[in-house]
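Here's the letter readout for the chains.
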Amino acid sequence: MTAAPEVECAGRIEPDRLPTHGLFVGGESVPAADGRTFEVIDPATGRAIAVVADAGAADTELALRAAHAAGPAWAATPSRERARILRRAFDALIERTEEFAALITAEMGKPLSDSRAEVAYGASFLEWFSEEAVRINGRISPAPAGNGQILVTHEPVGLCFAVTPWNFPLAMITRKVGPALAAGCTMIVKPAEATPLTALRMAQVFADAGLPDGVLAVLPCSTPTVVADAVFADPGLRKVTFTGSTGVGRTLLARAADGVLRTSMELGGNAPFLVFGDADLDAAVDGAMAAKMRNGGQACTAANRFLVENTVRAEFTARLTARIAALTTGVGAEPGVDVGPLITAKQRANVAALVSEAVADGARVTTGGHELPGDGYFYAPTVLDDVPATSRIVRDEIFGPVVAIRGFDTEAEAIEMANDTEYGLASYFYTGDLQRTLRVAAGLKYGMVGVNRGALSDAAAPFGGIKDSGLGSEGGSEGIHEYLVTKYVGLPTT
């Protein structure tokens, strides 16, 4: 596979010297059947850094044939061998941390420190599921009626289709591919068109680790429906997994219904971050920085609505404003940068519109509140206080470095405000009261709740939401069962 550009060169490569990357099909890098390509843009400069093969229907058919050919043998591969392959991939990824971090920063824009953290996080799913592969347990028990025995086993669901987002171009791949391979499934991955390079490089890592040809395909595509239409038309498809917007998730769920397919969907979020008057404010501010500014706010788990008890709101806002104002925004590969660009000019315009509307509604800017000059898609880290409940920024996922603060007076009011959304992915709260911890954790209608901590993701824990934030879990012991079907065998009395 052609090497990706070093991050130091991002945006400064002559157009006729851009590295070209093929699709990953049948265990090797291949060009698109029709020769089509598209450019990968560095969001820090707005300029192309690579050219990638653009998958079409013929390429998808090739990947499907390879997956079907490889499927039976891979499903029958001993779980210990599948575990060893995942472990070798984990070891290789950790060894190549700097290489992958530079690649992530080049195509997605986040600071190298964030990219290194993503490599560690993404690798952890390979380590975790290498261990889970050998723990796919069944059970046997006597039938209560005394007329036989009940044997329960778990088998791989079969061919899976994964559609992944741009904000974590490595981790969103590994937390789907890891459990699928551990379970004995084959998988076709359609990475986000903005960030295909990391996915292609990761596929080569799996091949080098000994993954049989055809088990995994990566199909970058500038028109996602082309690949999706071909995959959904295949009667052998048995599972769809997606991370992205709720709107696209609904579309994929509707298509999955036609084939009665297994699905797992990690969709949009509108995470509340509650700070009660008895909280440790130093810890709460630290947690707010982690929950909001990781990845420049471009995360589905990012804190979207900061709900702060009015007795401490002024102090919390002042402390958080000082921390946000001190952040350095710039090209992710440069030393000392805390916040990189937004992924596209369109996303920056959307963030700017949310802030402008909030200010027009009566919100007060305490720092930031404007786009930054330059060729890339930069927006100043921003804090808004006194945000009205009717402002669009309270309802929509911001996906940018913007803190929106509202006040509350009672615990019941805080819980009601936190739950006033159709989303239910992540939530956070800070308190020093144990009884309140138990009450609020029970009262928040979210799939994940962080108590006195601003980061939740862990390969050993089930990651997933409720309501319009999706269904199913990724990670934990629950994660591998998303790729398994349960079989019951009725045995006669011995």
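The coordinates are above.
Throughout what follows, the structure given in this document is the object of discussion. For every chain, the first residue of the written sequence is number 1, and numbering continues from 1 along that sequence. In keeping with the predicted nature of the model, local features appear solely for residues at pLDDT of at least 70, side-chain atom pairs appear and are counted solely at 80 or more, and the whole-chain, interface and lining totals rest on all residues. Hydrogens are left out, water is left out, and the side-chain values use all remaining heavy atoms of the structure.

Observations regarding the nonpolar core
Where a protein is soluble and globular, its nonpolar side chains tend to be buried together.
Logical step 1: Formed by 97 residues in total, the largest nonpolar core has its most connected members in M187, F206, F273 and F316.
Logical step 2: Strands are runs of DSSP state E lasting at least 2 residues, helices are runs of H or I lasting at least 4, and numbering of each runs from the N terminus. When residues of this core are assigned to their parent elements, the largest contribution, eight residues, is made by helix α5 (residues 171–183).
Logical step 3: Apart from the residues within four sequence positions on either side, F316 is in contact with V275, L281, A284, V285, A288, F306, V308 and I405.
Logical step 4: We define a nonpolar core as any set of buried Ala, Val, Leu, Ile, Met, Phe, Trp, Tyr and Cys residues linked to one another through side-chain atoms lying within 4.5 Å. Throughout, exposure labels follow a simple rule: accessible area from a 1.4 Å probe, protein chains only, divided by the maximum for the residue type, with under 20% read as buried, over 50% as exposed, and the rest as partly exposed. Residues A55, A63, L64 and L237 belong to the second largest nonpolar core, which totals 28 residues. Contact criterion: two residues are considered in contact whenever any of their non-hydrogen atoms come within 4.5 Å of each other.

Looking at the side chain of T164
Logical step 1: Its location among the elements puts T164 in the loop between β8 (159–163) and α5.
Logical step 2: Its relative accessible area of 6% is what places T164 among the buried residues.
Logical step 3: Look past the residues within four positions of T164 in its chain and what remains in contact with it is M172, I173, K176, V189, K190, P191, A192 and T243.

What to know about α5
Logical step 1: Taking 1.5 Å of rise per residue, 13 residues should cover 18 Å, and α5 covers 18 Å from first to last C-alpha, within 8% of that figure.
Logical step 2: Where burial is concerned, most of α5 is hidden: 13 out of the 13 residues are buried.
Logical step 3: Residue G184 follows α5 closely and has a positive phi angle near 100 degrees. An expected span of 1.5 Å times one less than the residue number is assigned to each helix.

Side note on the packing of aromatic side chains
Logical step 1: Ring pairs shown here join Phe, Tyr and Trp side chains whose ring centres sit within 6.5 Å, with only the six-membered ring taken for Trp; geometry is labelled stacked below 30 degrees between planes, edge-to-face above 60, and tilted in between. Per the stated rule, a full pass over the model turns up seven aromatic pairs.
Logical step 2: For the pair Y121 and F125, a centre-to-centre distance of 5.0 Å together with 70 degrees between the ring planes defines the contact as edge-to-face. Separated by four residues within a single helix, Y121 and F125 lie in helix α4 (residues 112–132), roughly one turn from each other. Of the two residues, Y121 and F125, both sit in the buried class.
Logical step 3: Ring centres of W166 and F399 lie 5.6 Å apart, and the angle between their planes is 85 degrees; on these two criteria the pair is classed as edge-to-face. Highlighted residues: W166 in the loop between β8 and α5 and F399 in the loop between α12 (392–395) and β17 (402–408), separated in sequence by 233 residues.

Notes on the pattern of salt bridges
Logical step 1: Should a side-chain nitrogen of Lys or Arg be within 4 Å of a carboxyl oxygen of Asp or Glu, the pair is scored as a salt bridge. Under the counting rule described, the total for this entry stands at 32 salt bridges.
Logical step 2: Linking D375 and R47 is a salt bridge whose minimum nitrogen-to-oxygen distance equals 3.4 Å. Placement of the pair is D375 in the loop between β15 (364–367) and β16 (382–385) and R47 in strand β5 (residues 47–53), with a sequence separation of 328 residues.
Logical step 3: Across the pair R313 and D386 runs a salt bridge, and its minimum N-O distance is 2.9 Å. Placement of R313 in helix α10 (residues 310–325) and of D386 in the loop between β16 and α12 is noted, with a sequence separation of 73 residues between them.
Logical step 4: Salt bridges sharing partners connect three or more residues here, namely R175, K176, E266 and E474.

A closer look at the packing of helix α2 (residues 79–95) against helix α6 (residues 197–208)
Logical step 1: Every angle, taken between N-to-C directions, lies between 0 and 180 degrees, and every axis is a line fitted to C-alpha atoms, over only the stretch in contact when it is a helix. Remark: α2 packs on α6, axes separated minimally by 8 Å, with the N-to-C direction vectors making an angle of 130 degrees. With respect to α6, the axis of α2 lies oblique. Judged by the sense of rotation from one axis to the other, the crossing of α2 with α6 is right-handed. Only M202, V205 and F206 of α6 make contact with α2, whose side of the interface consists of L86, A89, A92 and L93.
Logical step 2: A breakdown of the residues in the contact of α2 with α6 according to their chemical character gives seven nonpolar, no polar and no charged. Throughout, the term roughly parallel applies to angles under 35 degrees, roughly antiparallel to angles over 145, roughly perpendicular to angles from 65 to 115, and oblique to all others. Helix crossings get a hand from a simple test, with the near helix turned counterclockwise from the far one by less than a right angle marking a left-handed crossing and a clockwise turn marking a right-handed one. When residue character is reported, Ala, Val, Leu, Ile, Met, Phe, Trp, Tyr, Cys and Pro are called nonpolar, Asp, Glu, Lys and Arg charged, and the others, Gly included, polar.

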